[in-house]
Amino acid sequence: MTVKSVIEAVREAMREEMVADSRVMTLGEDVGARGGVFLATQGFVEEFGERRVIDTPLAEASIAGIALGLAFKGLRPIAEIQFSDFWWYAANQIIGEAARVCYGSNGVLPAPMVVRIPYGGGVRGGLFHSQNIESYLYNTPGLKVIAPSNPYDAKGLLKAAIRDNNPVVCLEHKKTYRGVRGEVPDGEYTLPIGVADVKREGADVTVISYGLALHYCLAAAEMMEDEGVSVEVLDLRTLRPLDKEGILASVRKTAKALIVHEANTTGGVGAEVSAIIGEEAFEDLDAPIMRLCGPDVPTMPFASTLEDAYMLNADKIRDALQKLAAY
Amino acid sequence: MTVKSVIEAVREAMREEMVADSRVMTLGEDVGARGGVFLATQGFVEEFGERRVIDTPLAEASIAGIALGLAFKGLRPIAEIQFSDFWWYAANQIIGEAARVCYGSNGVLPAPMVVRIPYGGGVRGGLFHSQNIESYLYNTPGLKVIAPSNPYDAKGLLKAAIRDNNPVVCLEHKKTYRGVRGEVPDGEYTLPIGVADVKREGADVTVISYGLALHYCLAAAEMMEDEGVSVEVLDLRTLRPLDKEGILASVRKTAKALIVHEANTTGGVGAEVSAIIGEEAFEDLDAPIMRLCGPDVPTMPFASTLEDAYMLNADKIRDALQKLAAY
Amino acid sequence: MFQTGEGASLGTEAMPLHRSLGLTDEAMLGLYAKMTLTRALDDRLWALNRQGKAPLVASCQGVEAASLGVGLAAKEDGDCFLFPYYRDMALKLVFGITPMELVIGHLGKEGDSFNGGRQFLLQGASTDRPMIQTSNVVGSNLCQSVGYAIGCKILGEKTVTLVSFGDGGSSQGECHEAMNFAGVHKAPVVFVCYNNRLAISVPQEKQMAIKDLADRAAGYGFPGRVVDGTDLLEVYQNVKAAIERAREESGGPTFLEMKVERLRPHTSDDDDTRYRSAEDLEASKGRDPLVKLRSYLTNIGVLTTSQEERIRGEAREEVNRATEEAEKAEPPDPSTLMRHVYSP
Amino acid sequence: MFQTGEGASLGTEAMPLHRSLGLTDEAMLGLYAKMTLTRALDDRLWALNRQGKAPLVASCQGVEAASLGVGLAAKEDGDCFLFPYYRDMALKLVFGITPMELVIGHLGKEGDSFNGGRQFLLQGASTDRPMIQTSNVVGSNLCQSVGYAIGCKILGEKTVTLVSFGDGGSSQGECHEAMNFAGVHKAPVVFVCYNNRLAISVPQEKQMAIKDLADRAAGYGFPGRVVDGTDLLEVYQNVKAAIERAREESGGPTFLEMKVERLRPHTSDDDDTRYRSAEDLEASKGRDPLVKLRSYLTNIGVLTTSQEERIRGEAREEVNRATEEAEKAEPPDPSTLMRHVYSP
Ligand SMILES: Cc1ncc(C[n+]2csc(CCOP(=O)(O)OP(=O)(O)O)c2C)c(N)n1
Ligand SMILES: Cc1ncc(C[n+]2csc(CCOP(=O)(O)OP(=O)(O)O)c2C)c(N)n1
Ligand SMILES: [Mg+2]
Ligand SMILES: [Mg+2]
């Protein structure tokens, strides 16, 4: 075990897969000599050469479309969209095309490609360097979506994604890149896509989250412990397919659920999690299914005060947990 | 009152607004001499000229982007995306830009534009002429989304959308264009965006739907009547903003809710409606919140058998209502 | 209207052009038979639509010579991969797709080899054909084809990728991105643009402010050529050259603008009288590629009237057989709806 | 590296170029002062970033002459509307945006006139400036600007729209769509592309296979010109001509490729030593537009050493005042978070 940051884990996952499998390659803006704007591919072009590490023109549609073509040819491309805020240009190739290819060819044509997308706020990025785009992805049949919260999950899930025969979007919260560190095994491992993880066991309330917000949930759970309330913290880790069983098992145990995410409330992953619970665990519930999610504004603003007003923190979550515990 | 089809109502709404306000105009592929592939703009170029009825190149990003620029200049463009399946190219300008412009300029710059998008299945269109794209739109702060089910609503809502100072997506179910007819007042009227409509009163179960599926719900409600179950049918009509009060009022009355839509289940409008109910009407519920929505495959296939297997119909809805009523 | 220039390949020279291109008289008869079959099949599909059996048909009439020429050059080359578009029926027939597969594809029946009845005709992929056509989204095959071509290069393979699309498709942002990417990487790809001067109803002058799309290639650092797409041999020659260039170390992409015609409405759903003048349609018919090939072969004595009749008769029979068989096929089992959303 | 050609405007002729362009010596001194102020402000903003006060700064050093020249021509014209990009500080100063507004924009404070602290610098719109810059999405202003220009034409107004973007932005699909649409409609628009040969770290040869982006204009049916973007007067002349052409009945768009330099890392977040050689940076510095303008004015005796010092001192003072004031401003009230999601 070695303590690493999320960005290190991401880099290591890609590097190991590129060493192990010559079909794995990466492309995106500035992934070459610059090593990516977050340094996710630092040293790659030197190690793997320009054929496998392609600095692309500034054109996201082509980054995704070229990746899909490469996948058709049998390569295993990892495309990087530099910031989530710019993914819209690639939406047609990712959702319109890649996610439909296997189904549309009656199973003949797989699309093994990974699209890595740094996302999320709290970094003073304003409306166009902070977006949460989960709600435009997790609703897509044919696509898989992972959203790890820590280095261990990031490495294991990203490696699994690279080996997956389907298009997988890997959502990496920018604020976790350097802000979250944790132990990563020294040896080879992968983690299964589609399995949530109980990050903290508890008996009274379940809080369901992912990404950066998960850490605020853990901190809030700690606070609640002091107040005598035992909170279970479930990390979804994968946003599609959602781990229905994992969600239901935890909620059936605690009978109370709070869903927490940074993305806007309406139509977010929390809506689906709530609907699953409301449909399948209705009889087990002791309280309304609550959400504490991003306010419905177009992303967090640049000014510190406004950004703080938007962003989650442990206090806000504790307040919501208190209400739910007291219900 | 005159009986009209949905496509006639759509055409009339646009025409009246173009006659009344010289700033209103339309652009899109084939909207000129062809009158649009569904004939929504039939006769327009002859009546209003080529400056206000622009046949565009085949390029959806520019259709939306040009429309936004026109709106900045003070015009009131109605852009047509020929089929929902091709809207992805326009996603950046609609969601990334137009929906963020008012907020991002601190209220200074409105973006009064309408994007009309024919959508939906049951027309033997296969994977690329059938898509339901609601779940990629209704989750967007700054955007309004209407999805009328009949000619009266279509005309009233579209006219309101054209007069609205925000970007509004008008989702028109292709199968309703000629398949659904109804009375439309002869005089001038608009309908408020954001208000659901009880299309049938009932006491035992609420079924919530919109678009084409609404008609299957009405037929199923009729069948249930024969079985002695009184079903209330709520037509959302607007998908953003959702009429929370309207939804809750109906569910509080019947204590049972079924949400029905053609779009994929996961992350659909039904997820949010369920979450709203699970959060705010929990104590009023006598049964789980049920959804009967599209299976999670990438759109309905072309073959008649597969399309039928995907599509909703009155029988499928009656079965779900029976289960819920018996709960 | 495109005019065949002075370098036109059709005529009755002492050494007919096809022989100087290495094509035997027999091969030419085979090609004429293929084009005749294409036309017969296209007519039949339209009829099946009118009978309510085929929900949608996009006719290829007017583009057969271009599509056949692309197919021929690619097939002969032996190491080409294709990203065709919806009017490429002739090309598909060259690559061994059977009339019966084509009819089945239009009916959405079990046994469809590209998509199992999930999509329109031959969209999807099959295990044994060097061909991918993912969707109906005009323009989206372009970047994919360039990615495929770059993939071949990365793997050190010599495969050349060909992608086809219409004048309408050239307006898409992705067309620009694909051509630019291909230029930077000298991707072994041939861009084949079938310019019939119409995107459904939108005429060329409302699509672009230029006469020749081929001029755009200069902006991407590779050659663009205008080709008379109704002339099989001119197409064949140009595609062959472009494939060779693609494969050369210092080569790379070529953009071929095929000036073609649209002899039918856009699709079976369209009514072209709303926007197209009778004269314009007549002028197009004057450039019918099938007529052109027939005149060429008749004029030089390679095709006789009796051969012509035999070929036409065989085509009719083949189309009949294909239709009968296809109509017998069952629609797919509805229980398969949920299959293959994900690849294992 | 772009070389100033033979038609270069700088020199010490008997009749200095600026006068033949109708610019007085005084006007030139004013422009020099504006450019000096721009540079001083840019340096200060970078310092504010290093002090942890400005989260992100995108330096405009190297693009000042181009941006100032565009601004000057547009401002003088009196009926232009602008869709600028993030390195257009000089242009913004010409249009009356104050240094204090610029600093406030970087700090995200109350009183930001374009976005109320919701976005990066001067993105958004203000009620009284003919200028819209919606977002950070490279390329997305292009179609918007063309739409705006077409809107002016529809309304019968004579306004000319100018849009600026980088070489990187030219790769976006929307750039193609915007230029194509503008060509078809002869939109009264001027495309100003600042080519500094870098999109963050990606050098021109990995972005495109051509030398001059201006060559692309031919594919859209309007003229494209290469301009030395470090030469204020050459820029001014060309933009003026393009504005005039835009307004003519039979005119329409012009594409101006400004060959500029990037004298700093991409933004304050960037470390350009990872990808840029010291020699390349040095070469760029050899084309510093501020130095160029200073030499021109000194050589022809319009700018004296003492004037130069005065101008520099005034710039420093203005920047100090702006910074002090801006730092005093409060951040926006958090209770305003939910405002203006929709327009009434
Ligand atoms: C992205 C997209 N937009 C719109 C359509 C609808 N559509 C289908 S074919 C077509 C015209 C295509 O014109 P062109 O590319 O010139 O090909 P042609 O049909 O003339 O051969 C249109 C607009 C589509 N399929 N995809
Ligand atoms: C659509 C999009 N993709 C990526 C980015 C990230 N990004 C910001 S500036 C930039 C480079 C822009 O290069 P260029 O257009 O040449 O302008 P320059 O910065 O060189 O002036 C990139 C990649 C972005 N802002 N928008
Ligand atoms: Mg065409
Ligand atoms: Mg640049």
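About the criteria used
- Residues numbered from 1 in each chain as written.
- Chains lettered and ligands numbered in written order.
- Predicted model: local features only at pLDDT ≥ 70, side-chain atom pairs only at ≥ 80, totals over all residues.
- Heavy atoms only, no water.
- Donors = N, O, S within 2.8 Å, 3.2 Å for Na, K, Ca; no water.
- Buried < 20%, exposed > 50% of the residue type's maximum accessible area, 1.4 Å probe, protein only.
- Domains from an automatic or database assignment.
- Contact = heavy atoms within 4.5 Å.
- Buried area = accessible area lost by both parts, 1.4 Å probe.
- Salt bridge = Lys/Arg side-chain N within 4 Å of Asp/Glu carboxyl O.
- Polar contact = N/O pair within 3.5 Å; in protein donor to acceptor, adjacent residues only side chain to side chain.
- Helix = DSSP H or I, 4+ residues; strand = E, 2+ residues; numbered from the N terminus.
- Near = heavy atom within 4 Å.
- Areas by Shrake-Rupley, 256 points an atom, 1.4 Å probe, with all protein chains shown as cover.
- Nonpolar A, V, L, I, M, F, W, Y, C, P; charged D, E, K, R; others polar.
- Expected span 1.5 Å × (residues − 1).
- Phe/Tyr/Trp six-rings, centres within 6.5 Å; stacked < 30°, edge-to-face > 60°.
- Pairing = 2+ DSSP bridges.
- Axes fitted to C-alpha atoms, helices over the stretch in contact; angles between N-to-C directions.
- Arc of directions from axis to C-beta.

1. Here's the deal with the coordination of the magnesium ion (ligand 4)
Residues and elements named next belong to chain D.
And step 1. Looking at the magnesium ion (ligand 4), one finds its protein donor set to be Asp167 (OD), Asn196 (OD1) and Leu198 (O), positioned 2.0 to 2.1 Å from the metal centre.
And step 2. Mapping the donors of the magnesium ion (ligand 4) onto the primary sequence yields the spacing D-x28-N-x1-L. Assigned by exposure class, asparagine 196 and leucine 198 land together as buried.

2. Brief notes about the domain arrangement of chain A
Residues and elements named next belong to chain A.
And step 1. Assigned domains within chain A: domain 1 (2-184) and domain 2 (197-325).
And step 2. Here domain 1 and domain 2 have C-alpha centroids that lie 26 Å from each other.
And step 3. Listed as interface residues are 33 residues of domain 1 and, on the opposing side, 28 residues of domain 2.
And step 4. Carbon and sulfur atoms supply 56% of the area buried between domain 1 and domain 2, which totals about 2,400 Å² over both sides.
And step 5. Among the residues of domain 1 in contact with domain 2, Arg124, Tyr138 and Ser149 are the three that bury the most area, contributing 29% of the side total.
And step 6. Where domain 1 packs against domain 2, one counts two salt bridges.
And step 7. Remark: the boundary between domain 1 and domain 2 carries 19 residue pairs in polar contact (both at pLDDT 80 or more).
And step 8. For the side of domain 1 that touches domain 2, the secondary structure elements donating two or more residues are strand E6 (144-146), helix H5 (151-163), strand E7 (168-173) and helix H6 (174-179).

3. Describing the coordination of the magnesium ion (ligand 3)
Residues and elements named next belong to chain C.
And step 1. Binding of the magnesium ion (ligand 3) to the protein goes through Asp167 (OD), Asn196 (OD1) and Leu198 (O), at separations of 2.0 Å.
And step 2. Written as a sequence motif, the donor residues of the magnesium ion (ligand 3) are D-x28-N-x1-L. In this pair, aspartate 167 sits in the loop between strand E4 (160-166) and helix H7 (173-185) while leucine 198 sits in strand E6 (residues 198-199), placing the two residues 31 residues apart along the sequence.
And step 3. Accessibility expressed as a relative area gives 10% for leucine 198, which makes it buried.

4. Some details on the site of ligand 2
And step 1. Taken together, 21 residues sit near ligand 2, with Glu60 of chain A together with Tyr85, Tyr86, Arg87 and Asp167 of chain D positioned nearest.
And step 2. Around ligand 2 the close residues trace back to chains A and D.
And step 3. A distance of 2.5 Å is found between a nitrogen atom of ligand 2 and a side-chain nitrogen or oxygen belonging to glutamate 60 of chain A.
And step 4. Histidine 266 of chain D places a side-chain nitrogen or oxygen 3.5 Å from an oxygen atom of ligand 2.
And step 5. When ligand 2 is considered free in solution it has 580 Å² of accessible area, and contact with the protein chains removes 97% of it.
And step 6. Classifying every residue of the shell around ligand 2 gives nine nonpolar, eight polar and four charged.

5. A short note on the site of ligand 1
And step 1. Not every one of the 22 residues close to ligand 1 is listed here, only the nearest: Glu60 of chain B together with Tyr85, Tyr86, Arg87 and Asp167 of chain C.
And step 2. Residues close to ligand 1 are split across chains B and C.
And step 3. Asparagine 196 of chain C has a polar side-chain atom sitting 2.8 Å from an oxygen atom of ligand 1.
And step 4. A distance of 3.5 Å separates an oxygen atom of ligand 1 from a polar atom in the side chain of histidine 266 of chain C.
And step 5. Here ligand 1 has 580 Å² of accessible area as a free molecule, and 96% of this is covered by the chains.
And step 6. The residue makeup of the shell around ligand 1, split by class, is 10 nonpolar, eight polar and four charged.

6. Let's talk about the interface of chain A and chain B
And step 1. Contacts between the two partners involve 47 residues from chain A and, on the opposite side, 47 residues from chain B.
And step 2. Interface area for chain A against chain B, summed over the two sides, is near 4,200 Å², with a carbon-plus-sulfur share of 59%.
And step 3. Note that arginine 240 of chain B and aspartate 296 of chain A form a salt bridge whose closest N and O atoms lie 3.8 Å from each other.
And step 4. In this assembly, chain A and chain B are joined by 20 residue pairs in polar contact (both at pLDDT 80 or more).
And step 5. Those elements that place two or more of their residues in the side of chain A that touches chain B are helix H4 (91-104), helix H9 (269-280) and strand E14 (290-294) of chain A.
And step 6. Top contributing element to the side of chain A that touches chain B by residue count: H4 of chain A, with nine residues.
And step 7. Each residue belonging to the side of chain A that touches chain B can be placed in one class, and the counts come to 24 nonpolar, 14 polar and nine charged.

7. Observations regarding H5 of chain A
Helical geometry note: an α-helix holds 3.6 residues per turn, so side chains three or four residues apart project in the same direction.
All names here are of chain A.
And step 1. An ideal rise of 1.5 Å per residue puts 18 Å on 13 residues; H5 measures up with 18 Å between its terminal C-alpha atoms.
And step 2. Of all 13 residues that make up H5, 11 are buried, and the element is covered over most of its length.
And step 3. Every buried residue of H5 is accounted for by Pro151, Asp153, Ala154, Lys155, Gly156, Leu157, Leu158, Lys159, Ala160, Ala161 and Ile162.
And step 4. By the N-cap criterion, in which a side-chain oxygen at the helix start approaches the backbone nitrogen of a residue two or three places on, H5 is capped by asparagine 150, the distance to tyrosine 152 being 3.1 Å.

8. Describing the packing of aromatic side chains
Residue and element names in this part refer to chain B.
And step 1. For the coordinates displayed, the defined rule picks out 35 aromatic pairs over all chains.
And step 2. Their ring planes at 80° and their centres at 5.8 Å tell us that phenylalanine 44 and phenylalanine 48 sit as a pair that is edge-to-face. Taken together, the positions of phenylalanine 44 and phenylalanine 48, both in helix H2 (residues 44-48) and four residues apart, correspond to about one turn of that helix.
And step 3. With relative accessibility at 1%, the residue phenylalanine 44 sits in the buried group.

9. Quick word on the sheet that holds strand E5 (residues 189-195) of chain C
Residue and element names in this part refer to chain C.
And step 1. An order of E1-E4-E5-E9-E8 is seen for the five strands of this open sheet, with the pairing classed as parallel. Edge strands, defined here as strands with exactly one partner in the open sheet, are strand E1 (80-83) and strand E8 (224-228). Within the sheet, the average angular offset between the axes of one strand and its neighbour, ignoring direction, is 20°.
And step 2. The pairing of E4 with E5 spans six bridges and is classified as parallel.

10. Re the interface of chain D and chain A
And step 1. Each partner contributes residues to the interface: chain D has 42 residues there, and chain A has 35 residues.
And step 2. In total, chain D and chain A occlude about 3,000 Å² of area from one another, counting both sides; carbon and sulfur atoms represent 65% of this.
And step 3. Broken down residue by residue, the surface that chain D buries against chain A is led by Lys206, Arg274 and Leu337 of chain D, which jointly contribute 21%.
And step 4. Counting across the chain D and chain A interface gives two salt bridges.
And step 5. Put simply, aspartate 270 of chain D and arginine 34 of chain A hold a salt bridge, and the shortest N to O gap is 2.6 Å.
And step 6. Put simply, the parts of the chain that give the side of chain D that touches chain A at least two residues each are helix H5 (99-107) and helix H8 (204-207) of chain D.

11. Brief notes about the side chain of glutamine 133 of chain C
Residues and elements named next belong to chain C.
And step 1. Position of glutamine 133 among the secondary structure elements: in strand E3 (residues 132-133).
And step 2. Among the residues examined, glutamine 133 registers a relative accessible area of 5% and is labelled buried.
And step 3. Polar contacts involving the side chain of glutamine 133 include one to the side chain of lysine 92, which spans 2.7 Å.
And step 4. Discounting residues that sit within four places of it in the chain, glutamine 133 has contacts with Pro84, Tyr85, Tyr86, Lys92, Leu122, Gln123 and Gly124.

12. Structural notes on helix H11 (residues 314-326) of chain A
Residue and element names in this part refer to chain A.
And step 1. Between its first and last C-alpha atoms H11 spans 18 Å; for 13 residues at 1.5 Å apiece the expected length is 18 Å, and the two agree.
And step 2. Among the residues of H11, those classed as buried are Ala314, Ile317, Ala320, Leu321 and Leu324. Taken down its axis, H11 places every buried residue within 130° of arc, on the same side. Turned more than 90 degrees away from the buried face of H11 sit Lys323 and Ala326, all of them exposed.
And step 3. Packed against the buried residues of H11 are strand E10 (205-209), helix H7 (212-226), strand E11 (231-235), strand E13 (257-264) and E14.
And step 4. Measuring from the side-chain oxygen of the N-cap residue of H11 to the backbone nitrogen of aspartate 315 gives 3.1 Å; that N-cap residue is asparagine 313.

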